[in-house]
Amino acid sequence: MSLTLYVDRARFRANQQRVLERRPGLVPVAKGNGYGVSVETLAAEAAALGVDVLAVGTYDELPAAESAFPGSLLVLTPWRPFGAADRASSDPRVIHTVSRPDDLARLLDTEPGARFVLEHVTSMLRHGMTATQLRELAEARSGSGDDGRLEGLEGVAFHLPMTGGSHLAEVRRLLTDVVAAGLPTRTVFVSHLTDDELAALARDWPDFTIRPRTGTDLWLGDREALRARATVLDVHPVDRGAVYGYRGRSAPRAGTILVVSGGTAHGIGLEAPTGAGTVRARAAALARGGLDAVGLVRSPYSIGGKPRLFAEPPHMQASMLFLPAGAPVPEIGDEVDVRVRFTATSFDRVQFS
Ligand SMILES: *Cc1c(COP(=O)(O)O)cnc(C)c1O
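Below is a short write-up of the structure. As the structure is a prediction and not an experimental result, all values here were calculated from the model. The written sequence of each chain sets the order in which its residues are numbered from 1. Residues qualify for local features only when their pLDDT is at least 70, as the model is predicted, and side-chain atom pairs are given and counted only at 80 or more; totals for whole chains, interfaces and linings, by contrast, use all residues. Working from all heavy atoms in the structure, the side-chain values ignore hydrogens and water.

1. What about the overall build of the protein chain?
In terms of helices and strands, the protein chain carries 9 helices and 18 strands. Burial classes: relative accessible area under 20% of the type maximum marks a residue as buried, over 50% as exposed, and values in between as partly exposed (1.4 Å probe, protein chains only). Scored against the burial criterion, the 353 residues of the protein chain give a buried share of 48%. Every residue pair with non-hydrogen atoms within 4.5 Å of one another is taken to be in contact. In the protein chain, of all internal contacts separated by at least 6 residues, the share reaching a separation of at least 24 is 65%. Surface exposure here means Shrake-Rupley accessible area, sampled with a 1.4 Å probe, where a residue is shielded only by the protein chains that are shown. In the form shown here, the protein chain has an accessible surface area of approximately 16500 Å², with 51% of it arising from carbon and sulfur atoms. In DSSP terms, a helix is any run of H or I states spanning at least four residues, a strand is any run of E spanning at least two, and both are numbered starting from the N terminus.

Here is the structure:
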């Protein structure tokens, strides 16, 4: 009855091993919907990998990660003096991300021994301190005879954009800022660099430890390891003109209405219409008797090896598909393939084999 994610454990783990070998110092990232698999399961996978640090996205995700993973837990969302950060503030396994000088003072007021990384702002302009702010923090420390403010410093963090070519030049500039600031750390947490870029940095900055935070490549790098499948819940043969659905549409021709698991609650959405964008394309599709011409849009479900059309927009937990006469009709209880974005899908079940 479910939308199920099947995971081939051997392939899933073989990919993780490959990524870990290519990226020494790897920090796995488990956040959000756990890349389709769940934060808790990924925390257990990270524990099996034997890494010392796991990154989660938010303070709210800590409970899901901390029982399954025994090491340090880096929270990627910067600490703020409000919200969920309070709850986790005295866990010695937690490494906070601090992106404003004032927040560091507030954090250390509430938790004097806190462990943290300082985020340096990048061209993403999401969070982070400027080079000047980093330098001022380092100077305040030495100037006042070390008041212990940087005692818990575990490194500096850069969050880089994903596109726009190589970010190596930017990383070099940011590393120069860290050196110039005089911060007492040589550990840098980075995102979204290629293996070659990481290798170049390791070569050119040998006194630094570069720690790549990685989620997508680690968990979803082998797409063959994961398979999303929906269950056929009902099958209705229809004649041309038969009325169906919430909107009382009529079947454009004879075929089958199929009800399958998976709807908006799972993140199943409408796909773009199947190429009948222009008037000419629509006319051509009409002439061919194409279903796209009658306003049905492509769904992510495949049956008989072909993507199929929604009979109407997805419902909350199920979707209605239209199969034209002649297409193979699955049976109630059969499973069919569905193409999803793993990071945006809530599965009813995750099954490892
Ligand atoms: C999500 C995230 C990552 C990991 O991103 P992937 O593209 O999934 O590898 C790294 N760093 C930060 C700060 C993130 O938020």
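2. Brief notes about the site of the ligand
Every residue near the ligand is listed here: Val29, Lys31, Tyr35, Leu76, Arg126, His159, Ser191, His192, Arg213, Thr214, Gly215 and Thr216. Within the contact set of the ligand, an oxygen atom lies 2.6 Å away from a side-chain nitrogen or oxygen of tyrosine 35. For the ligand, the protein covers 88% of the area, taking 390 Å² as the surface of the free molecule. When residue character is reported, Ala, Val, Leu, Ile, Met, Phe, Trp, Tyr, Cys and Pro are called nonpolar, Asp, Glu, Lys and Arg charged, and the others, Gly included, polar. Here the shell around the ligand is built from residues that sort into 3 nonpolar, 6 polar and 3 charged. Whether a residue is near a molecule or strand is decided by its heavy atoms; if any one of them lies within 4 Å of it, the residue is near. Any pair of nitrogen or oxygen atoms within 3.5 Å is treated as a polar contact; in protein, a donor-acceptor pairing is required on top of that, and neighbouring residues in sequence qualify only through side-chain atoms on both sides.

3. Overview of the pattern of salt bridges
Pairs can form between side chains of opposite charge whenever their charged atoms are close. Just to be clear on terms, a salt bridge is a Lys or Arg side-chain nitrogen sitting within 4 Å of an Asp or Glu carboxyl oxygen. The full count for this structure, using the stated rule, is 16 salt bridges. Here arginine 115 and glutamate 154 are joined by a salt bridge, their closest N and O atoms 2.8 Å apart. You can see arginine 115 sitting in strand β6 (residues 115–120) and its partner glutamate 154 sitting in strand β7 (residues 153–158), a full 39 residues away along the chain. A residue is classified by how much of its surface remains accessible, and glutamate 154, at 28% relative accessible area, is partly exposed.

4. Regarding the packing of helix α6 (residues 168–181) against helix α7 (residues 195–204)
Packing of α6 against α7 brings their axes to within 11 Å, and their N-to-C directions diverge by 35°. Regarding α6 and α7, the two cross each other, and that crossing is right-handed. Across the interface between the two elements, Leu168, Val171, Arg172 and Leu175 from α6 touch Glu197, Ala200, Leu201 and Asp204 from α7. Considered class by class, the residues forming the contact of α6 with α7 number 5 nonpolar, no polar and 3 charged. Angular values range over 0 to 180 degrees, each being the angle between N-to-C directions of two axes fitted as lines to C-alpha atoms, with helices fitted over their stretch in contact. Should the near helix be turned counterclockwise from the far one by less than a right angle, the crossing is left-handed, whereas a clockwise turn marks it as right-handed.

5. Some points on helix α4 (residues 101–110)
When α4 is considered as a whole, its buried residues turn out to be Asp103, Leu104, Leu107 and Leu108. The arc that holds the buried residues of α4, viewed along the axis, is 130°, so those residues lie on one side. Within α4, the exposed residues directed more than 90 degrees away from the buried face are Asp102, Asp109 and Thr110. Relevant arc is that of directions from the helix axis to the C-beta atoms, nothing else.

6. Comments concerning the nonpolar core
Of all hydrophobic cores here, the largest spans 89 residues; its most connected members are Phe116, Leu118, Phe158, Leu175, Leu183 and Tyr301. If you tally residues by element for this core, the top one is α6, at 6 residues. Note that the domain bounds reflect an automated or database-derived domain assignment. Looking at this core, you find at least three residues from each of domain 1 (9–221) and domain 2 (226–352). By nonpolar core is meant a set of buried Ala, Val, Leu, Ile, Met, Phe, Trp, Tyr and Cys residues that side-chain atoms within 4.5 Å join together. Residues Ala251, Ile257, Leu296 and Ala318 belong to the second largest nonpolar core, which totals 11 residues.

7. Considerations on the pairing of strand β1 (residues 3–7)
Burial within β1 is extensive, with 4 of its 5 residues counted as buried. Here, any two strands with at least 2 DSSP bridges between them count as paired. The sheet contact formed by β1 and strand β10 (residues 226–238) spans 5 bridges and is antiparallel. Looking at the pairing, leucine 5 lines up with alanine 228 of β10. With 4 bridges joining them, β1 and strand β18 (residues 349–352) adopt parallel strand pairing. The residue of β18 that forms the bridge with leucine 5 is valine 350.

8. Observations regarding the packing of aromatic side chains
Centre distance within 6.5 Å is the pairing criterion for rings of Phe, Tyr and Trp, where only the six-membered ring of Trp is used; planes under 30 degrees apart are then read as stacked, over 60 as edge-to-face, and the remainder as tilted. A full pass over the atoms with the stated rule returns 5 aromatic pairs. Between tyrosine 301 and phenylalanine 310 the ring centres are 6.4 Å apart and the planes differ by 80°, which places this aromatic pair in the edge-to-face class. No difference in accessibility class separates tyrosine 301 from phenylalanine 310, as the two residues are buried. Here the aromatic residues Phe12, Trp219 and Phe352 are joined through ring pairs into a cluster of three or more. Above the ring of phenylalanine 352, the side-chain terminus of arginine 9 is found at 4.2 Å from the ring centroid. Only lysine NZ and arginine CZ atoms are considered, and such an atom sits over a ring when it is within 6 Å of the ring centre and within 35 degrees of the ring normal.

9. So, the pairing of strand β5 (residues 94–98)
Counting buried positions along β5 yields 5 of 5 residues, so the element is predominantly enclosed. Residues Val94, His96 and Val98 line one face of β5 and the alternating positions Ile95 and Thr97 line the opposite face, and both faces are buried. When strand β4 (residues 72–75) meets β5, the two strands line up parallel, connected through 2 bridges. Within β5, the residue paired with leucine 73 across the bridge is valine 94. Judged from the 4 bridges that link them, β5 and β6 form a sheet pairing that is parallel.

Remember that the coordinates give geometry; whether it matters functionally is a separate question.
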